[in-house]
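# Per-entry structural report
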Amino acid sequence: MYNCKLTYFNMRGRAELARYIFAYAGMKYEDIRVEWKDWPEIKQTIPFEKLPIMEVDGIIIPQSLAIARYLAKETGLAGATNLEEAQTDALVDCMNDFTIMIPWNEKNKEVKLFLIHSPVLMKNLTKALGEKTWLVGESVTWADFYWEICFTTLNKLKENFAEEYTQLIFLKDRVKAIPEIAEWIKKRPSTEF
Ligand SMILES: N[C@@H](CCC(=O)N[C@@H](CS)C(=O)NCC(=O)O)C(=O)O
């Protein structure tokens, strides 16, 4: 297909969703990981001065969700109909709204986030999932991937934060059990976040 170069730091962070989609679809890409020490110099050369970016046949796309949405559409992970795409986008946005509230620079990251905001997200994701296997429609989408990625990061900040939401735990286990995802998780660089 296309020549894709994904550039981010050496962490899962905001590039992992794109990496999951590449892994699932078996697409070749360059997984470029910038060292923090080199970042100040590189930053000025990057559109909008943030990572991740993805270069597709010479065209640069910033913004992690724009990158992931593009890849999801290319690989059949965006939702089966326009309506399912909208439902999938909405769930991704809800999870993203939550993750951008993580106060990375505060000492007690978990307090407000996990006491106030997490129950609202968990309750509503559980409702969206219902008795289904996947969050939207009848097959896996990038929203399911994003849930597993968010879960892994949030669980590092507060272990067992979602333990009472068993259906959501089963969902992230289902994502992790997809052979291509399991293989990527096994071989990816080990980083804290
Ligand atoms: N909304 C953007 C946020 C991008 C962002 O804040 N990237 C951070 C890393 S997660 C970054 O580039 N930090 C370095 C800097 O701002 O100099 C996205 O989702 O891609």
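Residue positions are given per chain, counted from 1 along the sequence in the order it is written. Thresholds applied to this predicted model are a pLDDT of at least 70 for local features of residues and 80 or more for the giving and counting of side-chain atom pairs; totals over whole chains, interfaces and linings are not thresholded and use all residues. Where side-chain values are given, they derive from all heavy atoms of the structure, hydrogens and water being excluded.

Identification of the chain as glutathione transferase from Erpetoichthys calabaricus is taken from an unreviewed UniProt entry. UniProt positions are given in the numbering used here, feature names are shortened, and annotations may be inferred rather than shown by experiment. Per UniProt, the comment on the chain under Catalytic activity (unreviewed entry) is "RX + glutathione = an S-substituted glutathione + a halide anion + H(+)".

## Examining the overall build of the chain
Counting from the N terminus, the helices are the DSSP runs of H or I reaching at least four residues and the strands are the DSSP runs of E reaching at least two. Tallying secondary structure elements over the chain gives 8 helices and 4 strands in all. When the helices and strands of the chain are placed in sequence order, the string is β-α-β-α-β-β-α-α-α-α-α-α. Relative to its length of 193 residues, the chain is compact, with a C-alpha radius of gyration of 17 Å against a globular reference of 16 Å. Principal axes of the C-alpha set define a box for the chain whose edges measure 45 × 40 × 30 Å. For the radius of gyration, the atoms used are the C-alpha atoms, and the globule rule reads 2.2 Å times the number of residues raised to 0.38.

## Things to note about the pattern of salt bridges
The salt bridge definition used is simple: a Lys or Arg side-chain nitrogen within 4 Å of an Asp or Glu carboxyl oxygen. Inspection of every chain in the model, using the stated rule, returns 7 salt bridges. Put simply, Glu16 and Arg188 hold a salt bridge, and the shortest N to O gap is 2.9 Å. Of this pair, Glu16 sits in helix H1 (residues 16–25) while Arg188 sits in the segment after helix H8 (179–187), and the two are 172 residues apart along the sequence. In this pair, the class of Glu16 matches that of Arg188, namely buried. A salt bridge links Asp31 to Arg33; the shortest N-O distance between them is 2.9 Å. Throughout, exposure labels follow a simple rule: accessible area from a 1.4 Å probe, protein chains only, divided by the maximum for the residue type, with under 20% read as buried, over 50% as exposed, and the rest as partly exposed. A relative accessible area of 26% means that Asp31 is categorised as partly exposed. Each of Glu16, Arg19, Asp31, Arg33 and Arg188 takes part in salt bridges that share partners, so that together they form one network.

## Overview of the environment of Lys132
Note on placement: Lys132 falls in the loop between helix H5 (110–129) and helix H6 (142–157). C-alpha separation for the pair Lys132 and Gln167, spaced 35 residues apart in sequence, amounts to 9.6 Å. Two residues qualify as a contact provided that any one of their heavy atoms is within 4.5 Å of a heavy atom in the partner residue. Leave out the neighbours within four places in its chain, and Lys132 touches Gly137 and Arg174. Polar contacts here mean pairs of N or O atoms no more than 3.5 Å apart (in protein, one a potential hydrogen donor and the other a potential acceptor; neighbouring residues in sequence count only if both atoms are side-chain atoms). A distance of 3.0 Å separates a polar side-chain atom of Lys132 from the backbone oxygen of Leu135.

## Considerations on the UniProt feature "domain: GST N-terminal" (unreviewed entry) in the chain
Here the UniProt feature "domain: GST N-terminal" (unreviewed entry) sits at residues 2–79. Split by type, residues 2–79 is 35% helix and 24% strand. Its first and last C-alpha atoms lie 22 Å apart.

## Some details on the domain arrangement of the chain
Domain assignment breaks the chain into domain 1 (4–75 + 180–187) and domain 2 (82–178). Between domain 1 and domain 2, the C-alpha centre-to-centre distance is 21 Å. Each partner contributes residues to the interface: domain 1 has 16 residues there, and domain 2 has 18 residues. Accessible area that two parts lose when put together, evaluated with a 1.4 Å probe and summed over both, is termed the buried area. Buried area between domain 1 and domain 2, summed over both chains or domains, comes out near 1500 Å², and the portion from carbon and sulfur atoms is 67%. At the boundary of domain 1 with domain 2, the tally comes to 1 salt bridge. Across the pair Asp89 and Arg69 runs a salt bridge whose closest N-O atoms are separated by 3.2 Å. Our count for the domain 1 to domain 2 interface comes out at 6 residue pairs in polar contact (both at pLDDT 80 or more). Where the side of domain 1 that touches domain 2 is concerned, the elements lending two or more residues are H1, helix H3 (64–75) and H8. Across the side of domain 1 that touches domain 2, the residue classes break down as 10 nonpolar, no polar and 6 charged. What counts as a domain boundary in this text is fixed by an automatic or database domain assignment. Nonpolar residues are Ala, Val, Leu, Ile, Met, Phe, Trp, Tyr, Cys and Pro. Charged residues are Asp, Glu, Lys and Arg, and all others, Gly as well, are polar.

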